[in-house]
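Residue-level listing of the chains:
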Amino acid sequence: MRTGAARHLLPAALPFVLALILLAPATLGGKVLSASDIPLFSAPFPPPPAGARPENPLQFDSAYVFEPDGLKVREALRDGRLPVWAPELGAGMPLLAAQQSAPLFPLTWLGVIFPYWQAQAWIAVLKLALAALGTYLFATALGLRRGPALLGGITFGLGMYLVVWLMHPHVNAYVVLPWILLLAERLCRSGKIPDSAALAAALGVAYLGGQPESSLFVSLAAAGWFVYRLAAMRPARREVLRRGALALGAALLGGAVAAVMLVPFAEALGESTNVSRSQPALPLKTVLGLVFPEYWGRPDRTDIGITGVSNFTERTGYVGALPLILGAAGLVARRPSGPQLFFAGMVAISLVVAFDTGPAASAARDLPVLDLIQLNRIFVLAAFGLAMLAAFGLERLLDGAPAERRRMLLAAAAIAFAPALLVLAAHASALGELPDALKRVLGRDTVATANAVLLQSTLRWLLPAAAAVGLVALAARGRVAGRGLAAACLAVAAVDLLAMGWGYNPAIPLEQADPPAPAPVDVMRRVTEGGGRVVGVNGLLPNTASRWDLRDARGHEQPVVERTVSLWLTLGGISGDGSVAVDPSNTRTDELLDVFGVSGVLLPAGGGPPKSLHFGTAGVAYQGAGGIVLERTSPLPAAFVAYGWRQSGGLQESLARMAGGTVAQARDAPVIEGAGPPPAAEAPRATPAAVTSRSDTEVVVDVRARRAGQLVLLDTFYPGWHAEVDGRGRPIRAADAAFRAVEVGPGRHEVRFRYRPASVIAGGAVSLAASAVLLCGLLIPRFRRAAPPPAPSGRPRTTGPSPGSS
């Protein structure tokens, strides 16, 4: 007889192998999992060959944010430092608080320990495999057999919602979801402290995943499951209170474990101009993506612009034809069990909230906290609920009576064919492009018209759907059952999901992911040697400049810093998606770049800089295939001493003064918040100061002041930065709305800025204490069981017969 661990060996290995196959070009084919081919199509790189395109242009967040940040995280962690600050982004931004790089998520460390680019594919494989394994174990904990449980695991682990988000931090929390539900189930049953501690650990890992709103969805699902199961078990009132207290303690302890990231994140929210990520509900018609995921095309295979719907990731929740059919048919086979109804309710609620269902979706978006987050991503709970319904559906098919199997067959046929017939009837005119659609299904390139894409998606659904109906029909007639039926269902679902997910996450040659610095980068390094910053116009998007150790005046992190963004917009800059950008046609652009210390501007190649661009006194430092580098000669120095200043009572007053001022005033009479009155005598022109060293957490400035004044450093004014003048602490005040100022006396001084954020220190202390409590909760009961029983008091017990016995 096999042990409990051995019987789960195949279910654990199969998802890993399937994930390995799904990402085979990167895991086995010598390529790397990366979207960094996208920046290669714009400056500072030369134009690509005609007809070339990125592997998946929709993975731009990974190319522009997650991968550049990941390299900086790797650099810091390998040096034994927490990645708390990013000096290359904006005028400096908090990095740990942004969370997107998930530096403390356990799988992130594989990219720290091993070669970064090669590790990314294996991290992705482990994420999918762990999601599948957790779902499998959760299903077996609910009494399902291995075959159905494994179908649920494969459905969630390889389902498109995880696959399309695989290169984003959201999926970190999604991977932990089934494990959290499994541990919540164990806590419901046992009411033991170790199970509460294990649940806290899983929640803590989810909170460290780098996406707080996704962690919230996972927590809400766990809370709902715990309440449902506790109500279903009907323990004594005292036990209800005890187990409820243990669950609440697990939630609080899990949050405390992640306090080192959550506390800085809360601080960043307080420093942000806009903390809402709320988006309109998805159009109701996009629910078709559950059946026809390629109905509007997909970015890695066709130009999705031809169909008018662009965001493939937000609307794709395909779990496979067979799992969807079995999950729905299982609900009509017989009266659904309690867990089936729970997961059906999870699916229904998630879809009602995510899609534009009218008052229900609007009401959810008006609730406190939920009104601030991207609520459409609750779609992940629908994907998980469908996976669990698929597992229950296969269980019903395996052990159902003949009448139940016949009911499942009728339901399966309706679900498989009715949507396709309705779509074809509504687009009858598209049938003329059926040959092209068939070619596309077979993987052959054809002209991508909207009708061909629509028909391709419909045919793509019908193939595995027909196979699913065939299996249900064979089971209804008693032709296949038991392990053979389960194996056939697993095979159909696996092939369907592998075919759908194949190629979505780009695999590219290593030399494309990590190319040598192109010529314009070397020039920009030269023109910024004095501490200047760079910006790009139609190229060098944030945060890619950080890969070349260039300091970009823009930056793509969330939450954004209110001071720097507000000043940027006040001086004529424009906002983008999570970032800011330059408007070259705005007459204030020259002033904007001067105030932010921009000495290098990158433009696309072709024809020289247009005369309509307002970049001030700028010469062409480079012109070639990789673009045009303008060297600006008028920016403010990275640090300078001002001998006069304008007083301000707060940010809004500072912004108003900057809006009506000039670059000369920003330099010679900066706006200083909370400063005393300036000297009565006429102030001389500001003098530059030399930045002698700079790291992510420290800046040292050599100051030679003519008289008492204010040292201004063009770095972000943000909590946690401290200043010392010749070794003595001095307060930092906000200068020109966004930067830092420190009072200095006449003569020569060394001014040292250090980032020692109380939020990280306090959060770290809480995390360490919570981790110690968690470890005790896991281990102390084991030590108690292992300890020998105490010796009885009084006369020792003998092993032989007692006196007087016979």
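Everything below is about the structure printed above this text.
Residues numbered from 1 in each chain as written. Predicted model: local features only at pLDDT ≥ 70, side-chain atom pairs only at ≥ 80, totals over all residues. Heavy atoms only, no water.

Draft legend 1. View of the nonpolar core. F343, V701, L711 and F753 are the most contacted members of the largest nonpolar core, which totals 175 residues. In terms of residue count, helix α17 (residues 379–399) provides more of this core than any other element does, 16 residues in total. With sequence-adjacent residues up to four places away left out, F753 is seen in contact with T697, E698, V699, V701, L711, L713, W721, H722, A723, I732, R740 and V742. Listed in part, the 40 residues of the second largest apolar core include A91, L592, F640 and L655. (Core = buried A, V, L, I, M, F, W, Y, C linked by side-chain atoms within 4.5 Å. Buried < 20%, exposed > 50% of the residue type's maximum accessible area, 1.4 Å probe, protein only. Helix = DSSP H or I, 4+ residues; strand = E, 2+ residues; numbered from the N terminus. Contact = heavy atoms within 4.5 Å.)

Draft legend 2. Examining helix α18 (residues 402–426) more closely. Taking 1.5 Å as the rise per residue, α18 with 25 residues should run 36 Å; its terminal C-alpha atoms sit 36 Å apart, in good agreement. At F417, α18 shows its largest bend, some 30°, and a proline, P419, comes one to four positions later. Those residues of α18 that fall on the buried side of the exposure criterion are E404, R405, M408, A411, A412, A416, A420 and V423. Contacts from the buried residues of α18 go to α14 (321–333), α17 and α20 (450–476). (Expected span 1.5 Å × (residues − 1). Bend = angle between axes of the 7 residues up to and from the residue.)

Draft legend 3. Examining the sheet that holds strand β10 (residues 627–632) more closely. Strands sit in the order β5-β8-β10-β9 across an open sheet of 4 strands; the sheet is mixed. Edge positions in the open sheet fall to β5 (533–536) and β9 (618–624), since each of these has one partner strand only. Between one strand axis and the next, the sheet turns by 20° as a mean value, whatever way the strands run. With 6 bridges connecting them, β9 and β10 associate as antiparallel partners. Following the sheet pairing, A618 is matched in β10 by R632. (Pairing = 2+ DSSP bridges. Axes fitted to C-alpha atoms, helices over the stretch in contact; angles between N-to-C directions.)

Draft legend 4. Main features of the packing of helix α5 (residues 116–141) against helix α8 (residues 170–190). α8 packs onto α5 with a crossing angle of 20° between their chain directions and a minimal axis gap of 8 Å. It follows that α5 is roughly parallel to α8 by the angle criterion. Relative to α8, α5 is oriented so that their crossing is left-handed. Every residue of α8 that contacts α5 at K127, L130, A131, L133, G134, T135, L137, F138 and A141 is listed here: V171, N172, V175, P178, W179, L181, L182, E185 and R189. Its residues assigned to classes, the contact of α5 with α8 shows 12 nonpolar, 3 polar and 3 charged. (Parallel < 35°, antiparallel > 145°, perpendicular 65-115°, else oblique. Left-handed = near helix turned anticlockwise from the far one by under 90°. Nonpolar A, V, L, I, M, F, W, Y, C, P; charged D, E, K, R; others polar.)

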